[in-house]
Amino acid sequence: MSTYISKRLIYMLVILLAASFLVFSLYALTPGDFISGNMKLSPERKAELREIYGLNKPLLERYLIWMKNALHGNFGYSLSQQTPVLTLFNQYIWNSFLLAVVSTFLTWVIAVIIGVIAAYKQYSWFDTLVMIGIFAAMSLPSFFIGLFLIKTLAVDLHWLPPGGMLTTGSSSTGLAYVKEVIQHMTLPVIVMTLLGLGSLTRYFRSNMIDVIKQDYIRTARAKGLSERKVLFTHALRNALLPAITLVGFELPALFGGSLIIEKIFNWPGIGQLYMQSFGLRDYPLLVGFTMLIAVLTVIGTLLSDILYHVADPRVKLQ
Amino acid sequence: MNDLLNIEHLSTHFKTEEGTIKAVDDISLHVRKGETVCIVGESGCGKSITAMSIMGLIEGPAGKVAGGSIHFDGRDLTKLNRHELRHLRGNEIAMIFQEPMSSLNPVITIGEQIVEPLRVHLNLSRRDAHTRAIELIEQVGISRPEQIFRSYPHELSGGMLQRIMIAIAISCNPKLLIADEPTTALDVTIQAQILDLLRRFKEDSDMSILLITHDLGVVAEMADYVIVMYSGKIVEEGEVTQLFANPKHPYTQGLLRSKPVINQRQDELYSIPGQVPNPLELQPSCYFHDRCEHCMAVCRMEEPNLKKVGEQQKAACWLYEEAKVYA
């Protein structure tokens, strides 16, 4: 097991090294840089600034400098905000994480419950209704549901705030602050949950349908176990196994932010910051963020492999 | 009457898009206390469906016990509610299956799977159930029971898994054990061991066995009474020595002829010509008529009834009926 993990860690380093070079080159080779967007600067001033920021050096040299700093834990300063990249991440990522973690949790719980019941009562009216609902939720674009909910729940009914993370000008602290954030995050969480729910429910439903047909479920019934025990002890454990792969993908998604949702609900998350930085060609921030996602993806994959080993006695890691 | 299991006119139907399949069509059978009854027939003749009907495990809504009664120890199983039936399953009626490899849950330990029915039906405490499970593993002839208790199904061989299935089945001292092709998936030496095990438990307790098989060797070794099924119907039944010595129905005769006999040189093994009829296209007739060398006009028109043809033997064949003349 420990040799397996050390082997995997070495692979991970190699993958990340290759990824960092690719990511850095792609951003650096995108036409235009942070300076060229600024129309007010004279050509001489531009050259001066490029000299200061090191943007005139050859690609490979720039990459090596970035790498050397990164290995020392220094991911550079955001060019547009003049703040260390890591400080900015710390400021924005947790806002995105808050939305993602709540909606992911809700999505999984609801998807498992509905998926199991729909599979158990396959082709019943409940199953049909769920399938129609799921297709509807999957086919509607997020901006449509988002705007629709803002129009009905926020603008017409005044039940929930239409956007932001706090009421404008609010200075509440403590419990009042928590309450305010919860109110503001309700709408985006609903939309994100609705969007993720469809595919995951279908996934659990079809896994469960496969498992229910297995011989060992018949054995469990022949032993006289209650249907609840058959479903939740014997069937669900097997139906959840393939979903472990998804856990690996969820990890980067938790921190990656959501461009559209954050834009619609004006949520101060990392997705918005990333989009802004892309327009400005703010390389240190772009490279830093993409690398963070890469690291999380690699860790997520390792995590799901180890989880498989824990959850399924047949899986051996070597 | 000392029948433990008394099935009268049982029919089990499956609705499909092409029509209704009568998987089990009006069969009656009886199993006495301590008796071993074998149901023989080829794949799809309805023998497993008969077993599942007794267990109340026919998968709805497509499948349904369409008629008849199943009296077990004085109760009609077709009239019991889900809760009562569940209490019977694994407790008074236990079942083992054909594929030991897939019949146990791959992610739950062997021990936990043996313990479950003990906890549910006998209300044993966790510790008592554990002790009993260890005893059971030893009883089915597996050494190192503590280690097996903690193992997962994939770590055991097919023969060992079938022993575990038997341990689970006998754990609550059932009155009836239904064994659906228990040795089909195992190799020959293991088959003999498993059959020995079943016979030993039957002798120790007063358990009855309903053994479903297509292997006539197994029948000869185990059965007191044999039932031959074809296309959802019983075509012949009788006491085992009588039936083997003097089969009446052409299908039974064919089955016995297609079995290799030691010390008899045969260039080619006999096989019954033709194929099992499509269950959707059955017309009132003897369902075996198009494969039968004695086929008469009446066989194509009307269904024969199960008639007494020997002291303890019945057959459903027009050869043994009063001659009926069709113009």
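Note: the structure precedes this text.
J.: What exactly am I supposed to notice about the sheet that holds strand β5 (residues 75-76) of chain B here?
T.: Strand-to-strand pairing in sheets goes through backbone hydrogen bonds, with the strands running parallel or antiparallel. Residue and element names in this part refer to chain B. Read from one edge to the other, the open sheet built from four strands follows the order β2-β1-β4-β5, with strand pairing classed as antiparallel. The open sheet has two edge strands with one neighbour each: β2 (19-32) and β5. The pairing of strand β4 (residues 63-72) with β5 spans two bridges and is classified as antiparallel. In the sheet register, Phe72 faces β5, and the bridge partner there is Arg75.

J.: Explain the interface of chain A and chain B here, please?
T.: Note: interface size is frequently given as the accessible area lost on complex formation between the parts. Opposite the 18 residues of chain A that make contact, chain B presents 23 residues. Broken down by secondary-structure element, the contributors of at least two residues to the side of chain A that touches chain B are α8 (215-222) and α9 (227-240) of chain A. Tallying contributions element by element places α8 of chain A first for the side of chain A that touches chain B, with seven residues. Classifying every residue of the side of chain A that touches chain B gives five nonpolar, six polar and seven charged.

J.: Got a minute to help me understand the pairing of strand β1 (residues 3-16) of chain B in this structure?
T.: Residue and element names in this part refer to chain B. As defined by bridge partners, β1 adjoins β2 across 10 bridges and the pair is classed as antiparallel. Paired with Phe14 across the bridge in β2 is Ile21. The antiparallel hairpin formed by β1 and β2 contains two residues in its connecting segment. Direction of pairing for β1 relative to β4: antiparallel, over a ladder of eight bridges. Across the sheet, the residue bridging to Ile7 is Ile70, located in β4.

J.: Is there a simple way to think about the packing of helix α4 (residues 110-122) of chain B against helix α5 (residues 126-139) of chain B in this case?
T.: Angle between the axes and distance between the axes: these two values describe a pair of packed helices. Residues and elements named next belong to chain B. Across the interface, α4 lies against α5 with an axial gap of 9 Å and an inter-helix angle of 120°. Viewed along their axes, α4 and α5 adopt a mutual orientation that is oblique. Considering the relative orientation of α4 and α5, their crossing is right-handed. Contacts between α4 and α5 involve Gly111, Ile114, Val115, Leu118 and Arg119 from the first element and Ala129, His130, Arg132, Ala133 and Leu136 from the second. Among the residues making up the contact of α4 with α5, the classes are represented as six nonpolar, two polar and two charged.

Procedures and definitions
- Residues numbered from 1 in each chain as written.
- Chains lettered and ligands numbered in written order.
- Predicted model: local features only at pLDDT ≥ 70, side-chain atom pairs only at ≥ 80, totals over all residues.
- Pairing = 2+ DSSP bridges.
- Helix = DSSP H or I, 4+ residues; strand = E, 2+ residues; numbered from the N terminus.
- Contact = placed C-beta atoms within 7 Å.
- Nonpolar A, V, L, I, M, F, W, Y, C, P; charged D, E, K, R; others polar.
- Axes fitted to C-alpha atoms, helices over the stretch in contact; angles between N-to-C directions.
- Parallel < 35°, antiparallel > 145°, perpendicular 65-115°, else oblique.
- Left-handed = near helix turned anticlockwise from the far one by under 90°.

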